Number of protein chains: 2
Amino acid sequence: MERQALHPTKDRLLDAAEELFSDRGIDATSLRAVTSAAGVNLASVNYHFESKDGLVRSVFLRRLEPLNNERLELLDALEITAAGTAIELEAILDAWVLPALRMGQSPEGKRFKRLLGRIYSEPGDSLQTLLRELFGEILQRFSAAIGRTLPELSAEELMWRVHFMLGAMIHTVADQPSIRAFSGGLCDPSDIEGVRRRLIDFVAAGLRSPPAKKTTGQSPGTRK
Amino acid sequence: MERQALHPTKDRLLDAAEELFSDRGIDATSLRAVTSAAGVNLASVNYHFESKDGLVRSVFLRRLEPLNNERLELLDALEITAAGTAIELEAILDAWVLPALRMGQSPEGKRFKRLLGRIYSEPGDSLQTLLRELFGEILQRFSAAIGRTLPELSAEELMWRVHFMLGAMIHTVADQPSIRAFSGGLCDPSDIEGVRRRLIDFVAAGLRSPPAKKTTGQSPGTRK
DNA sequence: GTCTATATCCTGATAGAC
DNA sequence: GTCTATCAGGATATAGAC
């Protein structure tokens, strides 16, 4: 209906909002701050996006829709090549991780990723709804593919492991500064190939670990 | 200096704030909402906590200080028992995970965990500072213990894996509703023993995976 | 489509009586 | 320690001229 590229005002608003939301948080960013950073008028937000909530939604949609489409295209390609046989686990994980890591190469991608980590934990109804809209279907697709590659896992076990996997991935994609600080500069989050290999190896090992093994170790109960 | 138990107003404020912060988010919760839920006067927040920021800090400190102390006690006990030899990996992970899972059994613990997930991604300076204060030291302790058990890992590799581990753990501890919804009710986050075993097995497998393996799989480049 | 001006309401914080 | 009343400012959203 609307051609985004023909709306410089709209794009300027999205850019400014993305930047400010990433730096200060969504709630802490006023529309005044957005419009003045964008160099446009305050009223233009409500004109183009109806409300602050609409602006927030658009900020996320603009990046996440292409990102998830890219992921799905990669998975489609893998499934076509596999032609019914199981796909290598690492390849599935790569199809999920690589588009996100690539996005983080550009400066806009970097700032968006900081913001992305917050969508999972922010409680606003509007964002939670958006999250389900955006990730419900694609998660089912990827979970199913992983399940086909690891058929020895029960449905419950699979879901749990995908959950852990998402935790590791979200934390890694979103949280660039913390790993740098925590490792004292030793780890370099901008080394895409390194992150990709390490993250995928870690997650693949977790997903493949023998199912239903009871913990054997000395359980640390109360002291003494 | 101050004896918390003797300050019913202070505790009522902390309880109400914790509840509201968890449900709506910190920024979205006004001091008026807190005080009226607590049944105390608006001015009492500034009297007892100096500012909204002080209240937020206290909400997190009240739960995280005992939690991390418990983790450290468990790790201390393990290191004493091991007496210089390597500690079993699963036992180290258990010392980190179990206190958090136990906390989540009580209703207050449950609501706090929802809030806890947010401390990592919220951008406020005050919270980021608190996060470093609370987790800087203890993370070094646990990382070092894991490194001693997995001496074949380089320092860099270890840091990355601990980072992935934290992602999985934070996401699991904090995000109770999403796994339930995502799995269609199949996974039960209140089953502490199940979560504990699954999470620890997953993370342990990731941590132990052979280091420096290059990814071999067909890299999903562009389609066709 | 863009702008100014403004309506309406809520925010955190405080002064000062009790 | 607790209360009332209020300050000074910022929030979203909109009405209406251009």
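Only a predicted model underlies this, so the values are computations on that prediction, with no experimental measurement involved. Here the residue numbering is sequential within each chain, running from 1 through the sequence in written order. The order in which chains are written sets their letters, starting at A; the order in which ligands are written sets their numbers, starting at 1. Where totals are concerned, whole chains, interfaces and linings use all residues; where local detail is concerned, this predicted model gives features only for residues with pLDDT of at least 70, and gives and counts side-chain atom pairs only at 80 or more. Here the side-chain values reflect all heavy atoms present in the structure, with hydrogen atoms and water set aside.

Draft legend 1. Highlighting the protein's contact with DNA strand D. Throughout, near means a residue has at least one heavy atom within 4 Å of the molecule or strand. As a matter of local geometry, DNA strand D sits amid 16 residues, with Leu31(A), Arg32(A), His7(B), Thr9(B) and Asn41(B) nearest to it. For DNA strand D, the backbone portion of the atoms within 4 Å of the protein, that is sugar and phosphate, comes to 52%. Whenever two N or O atoms come within 3.5 Å, that pair is a polar contact, provided that in protein one can donate a hydrogen and the other can accept it, and provided that, for residues adjacent in sequence, both atoms are side-chain atoms. At a separation of 2.9 Å, a phosphate oxygen of DNA strand D approaches a polar backbone atom of Leu31(A). Arg32(A) places a polar side-chain atom, nitrogen or oxygen, 3.2 Å from a base oxygen of DNA strand D. Where the surface near DNA strand D is concerned, the elements lending two or more residues are α2 (31-38) and α3 (43-49) of chain A together with α3 (43-49) of chain B. At three residues, α3(B) tops the list of elements feeding residues into the surface near DNA strand D. Along the lines of polarity and charge, the residues of the surface near DNA strand D split into five nonpolar, eight polar and three charged. Going along the chain from the N terminus, every DSSP run of H or I of four or more residues is numbered as a helix, and every run of E of two or more is numbered as a strand. Classification used: nonpolar for Ala, Val, Leu, Ile, Met, Phe, Trp, Tyr, Cys and Pro, charged for Asp, Glu, Lys and Arg, polar for all others including Gly.

Draft legend 2. Seen up close, the protein's contact with DNA strand C. As a matter of local geometry, DNA strand C sits amid 15 residues, with Thr9(A), Asn41(A), His48(A), Leu31(B) and Lys52(B) nearest to it. Atoms of DNA strand C within 4 Å of the protein belong to the sugar or the phosphate in 55% of instances, the rest to bases. Within the contact set of DNA strand C, a phosphate oxygen lies 3.0 Å away from a side-chain nitrogen or oxygen of Asn41(A). Leu31(B) has a polar backbone atom sitting 2.8 Å from a phosphate oxygen of DNA strand C. Put simply, the parts of the chain that give the surface near DNA strand C at least two residues each are α3 of chain A together with α2 (31-38) and α3 of chain B. Ranked by residues supplied to the surface near DNA strand C, first place goes to α3(A) with three residues. Residues of the surface near DNA strand C, tallied by class, amount to five nonpolar, eight polar and two charged.

Draft legend 3. Geometry of the relation of the copies chain B and chain A. Our superposition of the copies is a least-squares fit, built on the C-alpha atoms of residues whose pLDDT is at least 70 in both. For the pair chain B and chain A, the relating rotation is 180°, the translation along its axis is 0.0 Å, and the fit reaches an RMSD of 0.0 Å. Both copies are brought into coincidence by an operation consistent with a two-fold rotation axis. Residue contacts follow a heavy-atom distance rule, with two residues in contact if any of their heavy atoms lie within 4.5 Å. A high fraction, 97%, of the interface residues of chain B reappear at the interface in chain A, so the copies pair face to face through one surface.

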